[in-house]
Amino acid sequence: MLANTPSRQVKSVRTAFELINRLQALGGATPAQLTEELDLSKSSVHNYLATLEMEGYLVNDGGTYRLGLRFLTHGTAAKNMTGIKRSVVGTVQAVADELAQSTWWVTEELGRGYFIENATPEGATTTYGRVGKRSYLHTHALGKAILAGASDEYVERVADHHGLPGQTRRTTTDVGDLLVELEAVRERGFAVSEGEAVLGILSVGVGFRDADDRRHAIGVFGHSRNFAGNHPENLGERLVETVGDLEQRLQNEGK
């Protein structure tokens, strides 16, 4: 489901979140940096910073502001409200161990993908993603697997609402081309994406629904050089079997 665009929006709330997002992207910033980044007056930036600091959402470290740990409370609560099941977390770990690849669980909310849970086998490294990362669904295999579980009409609405920005020269940015790709994903049961989110990174993903009909995907990310020959297809077929078993368990749990 996509968010409805209200006829009237509160500008100050939007500005506050723009400030928070810039602080997160920059890893911290001074009032002067934020004044330049946001095209606000010094007094306005000071007022926003002071208010957010008073509420515990920002911390002032010697003149440089950073996000406060109070956000962790909201993030943890939001994650728990997705209806996290032990069986999903267990499957993510099992896939990582079996396929020896960094494995992610991604869920859809309001037409975007959110990275919820990760498992990385011993000795390996996480090549893409972080818990809480928000992504465009058309840029990686897990997102395409999620979109493949929706109607073409919904995919077109997502594309119209969020756009199909090109993150690399290989990203699919035409909705017609995307729909053709998604039909192929539906036919074979899994998605493969190479170099669309980040050049040199390949992903393989399979979508599923929980008992509340929310769309998710489980899949792997790794360097393209590690997926020689038909390796992605082999991984996809194994993921289809594993995630299919998981989806059945989730449906049974919801009865």
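Right above here is the structure, for reference.
Residues numbered from 1 in each chain as written. Predicted model: local features only at pLDDT ≥ 70, side-chain atom pairs only at ≥ 80, totals over all residues. Heavy atoms only, no water.

> Could you give an account of the packing of aromatic side chains, with specific residues and numbers?
By the definition in use, this model includes five aromatic pairs. Among the aromatic residues, those joined into a ring-pair cluster are Trp104, Phe115, Tyr128 and Phe221. One cation-aromatic arrangement involves arginine 112 over tyrosine 136; the distance from NZ or CZ to the ring centre is 3.8 Å. One Lys or Arg, arginine 215, reaches over the ring of tyrosine 154 and ends 4.8 Å from the middle of that ring. (Phe/Tyr/Trp six-rings, centres within 6.5 Å; stacked < 30°, edge-to-face > 60°. Lys NZ or Arg CZ within 6 Å of the ring centre and 35° of its normal.)

> Run through the layout of surface pockets, naming residues and quoting values.
In this approach, a probe sized like a water molecule rolls over the atoms, and the result shows the empty space that is left. Considering only enclosed or pocket space, the largest pocket measures out at about 1,500 Å³ in volume. Surrounding the largest pocket, 29 residues form its lining, Gln24, Gly75, Tyr114, Gly132 and Arg134 being those nearest its centre. Going through the elements one at a time, helix H1 (11–26), helix H4 (70–80), strand E3 (102–109), strand E4 (112–119) and helix H7 (152–162) are the ones with two or more residues in the lining of the largest pocket. It is H4 that provides the largest number of residues to the lining of the largest pocket, a total of seven residues. (1 Å grid on protein atoms, 1.4 Å probe; cavity = no way out; pocket = protein on both sides within 12 Å on 5 of 7 lines; lining within 4 Å. Points joined across faces, edges and corners; volume = space filled by probe spheres on them. Helix = DSSP H or I, 4+ residues; strand = E, 2+ residues; numbered from the N terminus.)

> Talk me through helix H9 (residues 231–253); I want residue IDs and the actual numbers.
Taking 1.5 Å of rise per residue, the 23 residues of H9 would be expected to cover 33 Å, and the 33 Å separating its terminal C-alpha atoms lies within 8% of that figure. The complete set of buried residues in H9 reads Pro232, Leu235, Gly236, Leu239, Thr242, Val243, Leu246 and Leu250. Looking at the buried positions of H9, the neighbouring elements they touch are helix H5 (86–99), strand E6 (191–194), strand E7 (201–209) and strand E8 (215–223). (Expected span 1.5 Å × (residues − 1). Buried < 20%, exposed > 50% of the residue type's maximum accessible area, 1.4 Å probe, protein only. Contact = heavy atoms within 4.5 Å.)

> Mind laying out empty space enclosed by the protein, listing which residues take part and the relevant values?
Using the criterion set out here, one finds three cavities of 30 Å³ or more in the structure. Empty space within the largest cavity amounts to approximately 60 Å³. Lining the largest cavity we find Gly111, Arg112, Tyr136, Leu137, His138, Leu147, Val155, Val158, Ala159, Gly163, Leu164 and Leu178. Here the lining of the largest cavity takes three residues from H7, the largest share from any one element.

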